[in-house]
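For reference, the chains in residue letters:
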Amino acid sequence: MTRKDLTQNQLRRFYRYMLSAREVDRLEDQFTKRGEAFFHVSGAGHEGSVVLEDILGEQDWLHCHYRDKALMLARGVSSEMFFHSLFCKDASHSRGRQMSAHISDPRHKVLSLAGPVGNNALPAAGIAAEVKDQEGSPVVLCALGDGMTQEGEVLESIAHSVRERLPVLYFIEDNVYAISTQTKGQTFFSTPTAKLKAFTASPL
(Lines give C-alpha, C1' and ligand atoms only; values in the text may rest on other atoms or scores of the structure.)
Protein backbone atom coordinates (compact mmCIF):
# COMPACT_ATOMS: atom_id res chain seq x y z
CA MET A 1 0.00 0.00 0.00
CA THR A 2 1.35 3.40 -0.99
CA ARG A 3 0.04 6.89 -0.36
CA LYS A 4 -1.44 6.87 -3.88
CA ASP A 5 -3.62 3.93 -2.86
CA LEU A 6 -5.20 5.87 0.03
CA THR A 7 -8.13 8.25 -0.15
CA GLN A 8 -8.09 11.65 1.52
CA ASN A 9 -10.59 10.37 4.10
CA GLN A 10 -8.32 7.43 4.95
CA LEU A 11 -5.29 9.70 5.28
CA ARG A 12 -7.16 12.08 7.58
CA ARG A 13 -8.46 9.19 9.70
CA PHE A 14 -5.00 7.63 10.00
CA TYR A 15 -3.47 10.99 10.87
CA ARG A 16 -6.08 11.54 13.59
CA TYR A 17 -5.18 8.21 15.23
CA MET A 18 -1.46 8.96 14.89
CA LEU A 19 -1.91 12.34 16.59
CA SER A 20 -4.09 10.77 19.28
CA ALA A 21 -1.43 8.16 20.02
CA ARG A 22 1.23 10.85 20.29
CA GLU A 23 -0.99 12.90 22.63
CA VAL A 24 -1.52 9.84 24.86
CA ASP A 25 2.27 9.48 24.89
CA ARG A 26 2.74 13.13 25.85
CA LEU A 27 0.31 12.94 28.76
CA GLU A 28 1.67 9.61 29.99
CA ASP A 29 5.18 11.06 29.97
CA GLN A 30 4.04 14.06 32.01
CA PHE A 31 2.28 11.89 34.60
CA THR A 32 5.37 9.68 34.90
CA LYS A 33 7.76 12.61 35.30
CA ARG A 34 5.54 14.04 38.06
CA GLY A 35 5.69 10.73 39.90
CA GLU A 36 1.97 10.04 39.43
CA ALA A 37 2.66 6.94 37.33
CA PHE A 38 5.42 4.35 37.54
CA PHE A 39 6.26 3.43 33.95
CA HIS A 40 5.62 4.91 30.52
CA VAL A 41 5.92 3.10 27.18
CA SER A 42 6.14 5.43 24.20
CA GLY A 43 4.59 4.53 20.86
CA ALA A 44 6.73 7.07 18.99
CA GLY A 45 7.95 5.74 15.68
CA HIS A 46 5.25 3.08 15.40
CA GLU A 47 2.38 5.34 14.41
CA GLY A 48 2.53 4.14 10.80
CA SER A 49 1.24 0.71 11.84
CA VAL A 50 -2.23 2.30 11.85
CA VAL A 51 -2.53 1.61 8.10
CA LEU A 52 -3.02 -2.07 8.95
CA GLU A 53 -6.47 -1.26 10.29
CA ASP A 54 -7.83 -0.96 6.75
CA ILE A 55 -6.11 -4.18 5.68
CA LEU A 56 -7.20 -6.37 8.58
CA GLY A 57 -10.83 -7.30 9.11
CA GLU A 58 -13.01 -7.80 12.17
CA GLN A 59 -12.37 -11.53 11.97
CA ASP A 60 -8.59 -11.07 12.28
CA TRP A 61 -6.60 -11.28 15.50
CA LEU A 62 -3.93 -8.74 16.54
CA HIS A 63 -0.78 -9.60 18.47
CA CYS A 64 0.56 -6.05 18.46
CA HIS A 65 3.95 -4.67 19.34
CA TYR A 66 3.61 -2.86 22.68
CA ARG A 67 4.34 0.44 20.90
CA ASP A 68 1.49 0.08 18.37
CA LYS A 69 -0.79 2.55 20.16
CA ALA A 70 -2.11 4.16 16.99
CA LEU A 71 -3.15 0.78 15.57
CA MET A 72 -4.82 -0.23 18.84
CA LEU A 73 -6.71 3.07 18.96
CA ALA A 74 -7.88 2.56 15.38
CA ARG A 75 -8.94 -0.98 16.24
CA GLY A 76 -11.26 0.31 18.96
CA VAL A 77 -9.20 0.39 22.15
CA SER A 78 -10.16 3.60 23.96
CA SER A 79 -7.57 6.21 24.93
CA GLU A 80 -9.08 6.00 28.41
CA MET A 81 -7.92 2.37 28.65
CA PHE A 82 -4.30 3.44 28.18
CA PHE A 83 -4.61 5.70 31.23
CA HIS A 84 -6.39 3.03 33.29
CA SER A 85 -3.40 0.84 32.45
CA LEU A 86 -0.88 3.60 33.22
CA PHE A 87 -2.34 4.16 36.70
CA CYS A 88 -2.89 0.42 37.36
CA LYS A 89 -6.61 0.97 37.87
CA ASP A 90 -9.17 -1.75 38.53
CA ALA A 91 -10.98 -0.57 35.37
CA SER A 92 -8.00 -1.46 33.19
CA HIS A 93 -8.01 -4.50 30.92
CA SER A 94 -5.91 -6.44 33.46
CA ARG A 95 -7.32 -4.84 36.64
CA GLY A 96 -3.94 -3.19 37.12
CA ARG A 97 -1.82 -6.33 36.84
CA GLN A 98 -0.26 -5.77 33.43
CA MET A 99 2.47 -3.30 32.45
CA SER A 100 1.49 0.06 31.01
CA ALA A 101 0.58 -0.04 27.28
CA HIS A 102 0.54 -3.86 27.28
CA ILE A 103 -3.12 -3.71 26.32
CA SER A 104 -5.53 -6.53 25.55
CA ASP A 105 -9.08 -6.17 24.29
CA PRO A 106 -10.98 -9.42 23.58
CA ARG A 107 -13.93 -7.50 22.08
CA HIS A 108 -11.70 -6.24 19.26
CA LYS A 109 -9.51 -9.36 19.06
CA VAL A 110 -6.47 -7.51 20.45
CA LEU A 111 -4.47 -10.22 22.20
CA SER A 112 -2.62 -9.76 25.49
CA LEU A 113 0.84 -8.30 24.93
CA ALA A 114 3.95 -9.87 26.36
CA GLY A 115 6.70 -7.70 27.85
CA PRO A 116 9.72 -9.83 26.83
CA VAL A 117 10.43 -9.06 23.20
CA GLY A 118 9.53 -11.77 20.72
CA ASN A 119 7.33 -13.69 23.15
CA ASN A 120 4.21 -12.97 21.11
CA ALA A 121 5.46 -14.90 18.07
CA LEU A 122 4.73 -18.47 19.19
CA PRO A 123 1.26 -17.65 20.58
CA ALA A 124 0.47 -15.92 17.27
CA ALA A 125 1.35 -19.11 15.38
CA GLY A 126 -0.70 -21.17 17.82
CA ILE A 127 -3.76 -18.99 17.39
CA ALA A 128 -3.30 -19.08 13.61
CA ALA A 129 -3.32 -22.89 13.74
CA GLU A 130 -6.62 -22.77 15.62
CA VAL A 131 -8.38 -20.28 13.32
CA LYS A 132 -6.83 -21.46 10.05
CA ASP A 133 -9.98 -23.12 8.73
CA GLN A 134 -12.56 -20.84 10.32
CA GLU A 135 -15.16 -18.95 8.32
CA GLY A 136 -13.91 -15.64 6.97
CA SER A 137 -10.31 -16.89 6.66
CA PRO A 138 -9.00 -14.96 9.69
CA VAL A 139 -5.39 -13.81 9.82
CA VAL A 140 -3.24 -13.31 12.92
CA LEU A 141 -1.07 -10.20 13.00
CA CYS A 142 2.29 -10.67 14.70
CA ALA A 143 3.95 -7.24 15.00
CA LEU A 144 7.65 -7.21 15.85
CA GLY A 145 10.58 -4.84 16.00
CA ASP A 146 13.46 -5.91 13.75
CA GLY A 147 15.63 -6.64 16.80
CA MET A 148 13.08 -9.22 17.94
CA THR A 149 13.69 -11.29 14.83
CA GLN A 150 16.88 -12.62 16.42
CA GLU A 151 14.90 -14.30 19.20
CA GLY A 152 14.60 -18.07 19.04
CA GLU A 153 10.84 -17.90 19.59
CA VAL A 154 10.44 -15.73 16.49
CA LEU A 155 12.53 -18.00 14.27
CA GLU A 156 10.62 -21.04 15.52
CA SER A 157 7.30 -19.28 14.92
CA ILE A 158 8.22 -18.30 11.36
CA ALA A 159 9.50 -21.79 10.57
CA HIS A 160 6.33 -23.41 11.94
CA SER A 161 4.07 -20.98 10.09
CA VAL A 162 5.86 -21.64 6.79
CA ARG A 163 5.81 -25.40 7.34
CA GLU A 164 2.11 -25.51 8.28
CA ARG A 165 1.09 -22.67 5.94
CA LEU A 166 -0.49 -20.76 8.80
CA PRO A 167 -2.29 -17.41 8.25
CA VAL A 168 0.18 -15.23 10.17
CA LEU A 169 1.11 -11.74 8.99
CA TYR A 170 4.56 -10.95 10.39
CA PHE A 171 4.79 -7.18 10.47
CA ILE A 172 8.40 -6.25 11.22
CA GLU A 173 8.95 -2.61 12.13
CA ASP A 174 12.49 -1.31 11.59
CA ASN A 175 13.24 0.55 14.82
CA VAL A 176 16.99 0.91 14.08
CA TYR A 177 17.59 -0.05 17.72
CA ALA A 178 16.85 -3.21 19.69
CA ILE A 179 16.52 -1.79 23.22
CA SER A 180 19.88 0.06 23.17
CA THR A 181 21.78 -1.77 20.42
CA GLN A 182 21.77 -0.72 16.77
CA THR A 183 20.29 -3.45 14.57
CA LYS A 184 21.94 -2.54 11.27
CA GLY A 185 23.98 -5.56 10.19
CA GLN A 186 22.95 -7.47 13.32
CA THR A 187 19.82 -9.26 12.04
CA PHE A 188 19.88 -12.32 9.81
CA PHE A 189 18.29 -10.29 7.03
CA SER A 190 20.23 -7.13 7.93
CA THR A 191 17.50 -4.60 7.25
CA PRO A 192 17.08 -2.43 5.31
CA THR A 193 19.51 -3.55 2.59
CA ALA A 194 19.16 -7.34 2.28
CA LYS A 195 16.57 -9.00 0.06
CA LEU A 196 13.84 -10.69 2.08
CA LYS A 197 13.60 -13.59 -0.38
CA ALA A 198 17.04 -14.66 0.78
CA PHE A 199 15.56 -16.27 3.91
CA THR A 200 11.98 -17.10 2.88
CA ALA A 201 11.61 -20.86 2.61
CA SER A 202 8.40 -20.79 0.59
CA PRO A 203 5.47 -18.46 -0.04
CA LEU A 204 2.67 -18.60 2.53
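See the structure printed just above.
These notes cover the structure that comes with them. (Residues numbered from 1 in each chain as written. Predicted model: local features only at pLDDT ≥ 70, side-chain atom pairs only at ≥ 80, totals over all residues. Heavy atoms only, no water.)

So, about the overall build of the protein chain. Along the protein chain, the regular secondary structure elements total five helices and five strands. Secondary structure of the protein chain in N-to-C order comes out as α-β-α-α-α-β-α-β-β-β. Across the 204 residues of the protein chain, 40% fall into the buried class. Partitioning the contacts of the protein chain with sequence separation of at least 6, the portion at a separation of at least 24 is 64%. Summed over its atoms, the accessible surface of the protein chain is roughly 11,300 Å², and 53% of this surface lies on carbon and sulfur atoms. (Helix = DSSP H or I, 4+ residues; strand = E, 2+ residues; numbered from the N terminus. Buried < 20%, exposed > 50% of the residue type's maximum accessible area, 1.4 Å probe, protein only. Contact = heavy atoms within 4.5 Å. Areas by Shrake-Rupley, 256 points an atom, 1.4 Å probe, with all protein chains shown as cover.)

Of all six residues in strand 2 (residues 140-145), six are buried, a share of seventy percent or more. Burial along strand 2 is two-sided: the residues Val140, Cys142 and Leu144 and Leu141, Ala143 and Gly145 are all buried. Bridge analysis of strand 1 (residues 61-63) against strand 2 gives three bridges, and the strand direction is parallel. Paired with His63 across the bridge in strand 2 is Cys142. Where strand 2 and strand 3 (residues 168-173) come together, six bridges link them in parallel fashion. (Pairing = 2+ DSSP bridges.)

The next point concerns a nonpolar patch on the surface. A cluster of nonpolar residues, Phe38, Phe39 and Met99, forms a patch on the protein surface that exposes about 380 Å² of accessible area. Relative to the assigned elements, Phe39 resides in the loop between helix 1 (8-33) and strand 1. The exposure class of Phe39 is partly exposed, given its relative accessible area of 42%. (Patch = residues over 30% accessible without salt bridge, like charges linked within 9 Å, V, L, I, M, F, W, Y side chains within 5 Å. Salt bridge = Lys/Arg side-chain N within 4 Å of Asp/Glu carboxyl O.)

With that out of the way, let us pick up the packing of aromatic side chains. In this structure the tally under the stated criterion is two aromatic pairs. For the pair Phe31 and Phe87, a centre-to-centre distance of 5.0 Å together with 75 degrees between the ring planes defines the contact as edge-to-face. One end of the pair, Phe31, is in helix 1; the other, Phe87, is in the loop between helix 3 (79-86) and helix 4 (121-131), and 56 residues separate them in sequence. Looking at Phe87, the relative accessible area reads 27%, which means it is partly exposed. Members of the aromatic cluster, joined through ring pairs, are Phe31, Phe83 and Phe87. Over the ring of Tyr17 we find Arg16; its NZ or CZ atom is 5.5 Å from the centre of that ring. Cation over ring: Lys109 sits above Trp61, and NZ or CZ is 5.2 Å from the ring centre. (Phe/Tyr/Trp six-rings, centres within 6.5 Å; stacked < 30°, edge-to-face > 60°. Lys NZ or Arg CZ within 6 Å of the ring centre and 35° of its normal.)

A few words now on the layout of surface pockets. To find leftover empty space, a probe the size of one water molecule is rolled over the atoms. Empty space within the second largest pocket amounts to approximately 310 Å³. As for the second largest pocket, its lining consists of 16 residues, and the residues nearest its centre are Tyr66, Asn175, Tyr177, Ala178 and Ile179. Split by residue class, the lining of the second largest pocket holds seven nonpolar, six polar and three charged. (1 Å grid on protein atoms, 1.4 Å probe; cavity = no way out; pocket = protein on both sides within 12 Å on 5 of 7 lines; lining within 4 Å. Points joined across faces, edges and corners; volume = space filled by probe spheres on them. Nonpolar A, V, L, I, M, F, W, Y, C, P; charged D, E, K, R; others polar.)

Okay, the pattern of salt bridges next. Counting across every chain of the model gives eleven salt bridges. In this structure, the salt-bridge partner of Glu28 is Lys69, at a minimum N-O distance of 2.4 Å. Of the two residues, Glu28 is situated in helix 1 and Lys69 in helix 2 (residues 69-75); the sequence distance between them amounts to 41 residues. Each of the two residues, Glu28 as well as Lys69, counts as buried. Across the pair Asp105 and Arg107 runs a salt bridge, and its minimum N-O distance is 3.4 Å. Given a relative accessible area of 7%, Asp105 falls into the buried group. What you see here is one network of salt bridges that share partners, running through Asp25, Glu28 and Lys69.

As a further point, take empty space enclosed by the protein. Scanning all chains against the criterion turns up one cavity of 30 Å³ or more. One number sums up the size of the largest cavity: a volume of about 70 Å³. If you trace the largest cavity, you find 13 residues lining it, with Cys64, Tyr66, Ala114, Asn120 and Met148 closest to the centre.

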